[in-house]
Amino acid sequence: MASALASVALSTTFARAVPLPENSMRIGAEKKHDNPLFKGKAFRRVSMAVSVNVSRFEGVTMAPPDPILGVSEAFRADTNDLKLNLGVGAYRTEELQPYVLNVVKKAEKLMLERGENKEYLPIEGLAAFNKVTAELLFGADNSVIQEGRVATIQGLSGTGSLRLAAAFIHRYFPDAKALISSPTWGNHKNIFNDARVPWSEYRYYDPRTVGLDFDGMVADIKAAPDGSFVLLHGCAHNPTGIDPTPEQWEKIADVIQEKNHIPFFDVAYQGFASGSLDADAYSVRLFVRRGFELLVAQSYSKNLGLYAERIGAINVVCSSSDAGTRVKSQLKRLARPMYSNPPVHGARIVANVVGDPNLFNEWKQEMELMAGRIKNVRQRLYENLSEKDKSGKDWSFVLKQIGMFSYTGLHKAQSDHMTDKWHIYMTKDGRISLAGLSLSKCEYLADAIIDSFHNVD
């Protein structure tokens, strides 16, 4: 039996030998020998046809490396002591080490003490999480909360929440187009592509000023087909770090209202950009106050450091509680075949931190410290650039940007030079993560930027 199984395994795993039929006319199958001993006798040579199993996946091509995560892979392979990883947006301490917030540790300790189970969550997620995350975003006293007009579904961090919303758009607004900023976070295009939602770009970044192309942004939003979904970064625009002013947000709301567009906010940095939860929610709350129906994706990767927990939410603000109930039911219907229900650990951490006054206040203090460290690094980098660069170039755009990223204005060849010569790893669009920079490394980074900017065409 064992030999029979081995024979079958060999024949399916490797090449398979097949004897030819008796009447095979293959060359060499039958030959008369001249040797007298064999005269008049025909010897049939057993010929074997070899067929090689070809993978059914031969047509699958190799995917290109992820433009952001691939930076970390290249960084790890570099053995130079001076190397810096400024590619991935993850907070680091001044010693450039990952940081687990103290308030997160306390929340997890509470969870252990309570002996909470690991049962499935409902499709929409943890009720306590959904309540506090909507209140954190819109304000607990906001009328949309009090009137039950917000449909909130716990999602798989920001990416999963965006993807669920994109699936909702595709199903219920099949003729609508999405508008995304140029540039934007690299995964936005992937999300809409996979959800089969057509998209186009609106102007955002002005390379001449390394600032916001506000006129171009407004013109492109105005030129888009009525009823488009306009993807807006709630605060700390990724990758540029350039945000509209409050006055500009008002004008953006005007044109979106005029065109009957639907705002779709991506809020990945609430509290982490400025250090204030309320200040970073300004744009979203403005649009809600003006009566828009809108979508908002949230993430707790940055502001609570829960990168690996994949905890976030998709919120849909509706004009009535009845509409909100129906929207929520359809979001659940879409989530069910995607991932069935979300994970519980990160949701409980957020619910414990935001729902407990003492932990909540401690969290706000830790956010202020993280945001403050990045602001200090930004200030030091600006000072080093201004002191060392004798060309008279204005580097003040570094200070005008906000959040963990800075858009340096370096093009691809200059960014490659940063890596090849200086061992500084960054995305090819010139974005650097200040969260991965320490005060002690600012001077070295400034030297690299100045060299790459002036000496590489």
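Up top you'll find the structure we're talking about.
The following refers to the structure shown. The structure presented is a predicted model; accordingly, all values stated were derived computationally and were not measured.

## What to know about the overall build of the protein chain
So, step 1. Within the protein chain one finds 17 helices and 17 strands.
So, step 2. Partitioning the contacts of the protein chain with sequence separation of at least 6, the portion at a separation of at least 24 is 74%.
So, step 3. Accessible area for the protein chain stands at about 23,100 Å²; split by element, carbon and sulfur atoms hold 53% of it.

## Here we look at the nonpolar core
So, step 1. Ranked by internal contacts, the top residues of the largest apolar core, which has 97 residues, are Phe-138, Leu-232, Phe-287, Leu-304, Trp-363 and Leu-381.
So, step 2. If one sorts the elements of this core by residue count, helix H14 (residues 357–388) sits on top with 9 residues.
So, step 3. Ranked by size, the runner-up nonpolar core spans 31 residues in total, among them Ala-195, Ile-262, Leu-295 and Cys-318.

## Observations concerning the environment of Tyr-91
So, step 1. Mapped onto the elements, Tyr-91 comes out in the loop between strand E5 (84–85) and helix H3 (102–114).
So, step 2. For Tyr-91, a relative accessible area of 8% corresponds to the buried category.
So, step 3. With sequence-adjacent residues up to four places away left out, Tyr-91 is seen in contact with Gln-97, Pro-98, Tyr-99, Phe-272, Tyr-307, Met-370, Arg-373, Ile-374, Met-404 and Ala-435.
So, step 4. Polar contacts involving the side chain of Tyr-91 include one to the side chain of Arg-373, which spans 3.3 Å.

## Describing the packing of helix H6 (residues 157–172) against helix H7 (residues 186–194)
So, step 1. At a minimum axis distance of 9 Å, the contact between H6 and H7 shows a crossing angle of 35°. Crossing geometry of H6 relative to H7 is assigned as right-handed. From H6, Thr-159, Leu-162, Arg-163 and Ala-166 reach across to H7, where they touch Asn-187, His-188, Ile-191, Phe-192 and Asp-194.
So, step 2. For the contact of H6 with H7, the residue count by class is 4 nonpolar, 3 polar and 2 charged.

## Describing the layout of surface pockets
So, step 1. Computed from the structure, the largest pocket encloses a volume of approximately 640 Å³.
So, step 2. If you trace the largest pocket, you find 33 residues lining it, with Ile-68, Thr-159, Trp-185, Lys-302 and Arg-310 closest to the centre.
So, step 3. Elements represented by at least two residues in the lining of the largest pocket include exactly H6, H7, strand E12 (262–267) and strand E13 (294–299).
So, step 4. Looking at the lining of the largest pocket residue by residue, the classes come out as 15 nonpolar, 13 polar and 5 charged.

Criteria and thresholds
Residues numbered from 1 in each chain as written. Predicted model: local features only at pLDDT ≥ 70, side-chain atom pairs only at ≥ 80, totals over all residues. Heavy atoms only, no water. Helix = DSSP H or I, 4+ residues; strand = E, 2+ residues; numbered from the N terminus. Contact = heavy atoms within 4.5 Å. Areas by Shrake-Rupley, 256 points an atom, 1.4 Å probe, with all protein chains shown as cover. Core = buried A, V, L, I, M, F, W, Y, C linked by side-chain atoms within 4.5 Å. Buried < 20%, exposed > 50% of the residue type's maximum accessible area, 1.4 Å probe, protein only. Polar contact = N/O pair within 3.5 Å; in protein donor to acceptor, adjacent residues only side chain to side chain. Axes fitted to C-alpha atoms, helices over the stretch in contact; angles between N-to-C directions. Left-handed = near helix turned anticlockwise from the far one by under 90°. Nonpolar A, V, L, I, M, F, W, Y, C, P; charged D, E, K, R; others polar. 1 Å grid on protein atoms, 1.4 Å probe; cavity = no way out; pocket = protein on both sides within 12 Å on 5 of 7 lines; lining within 4 Å. Points joined across faces, edges and corners; volume = space filled by probe spheres on them.

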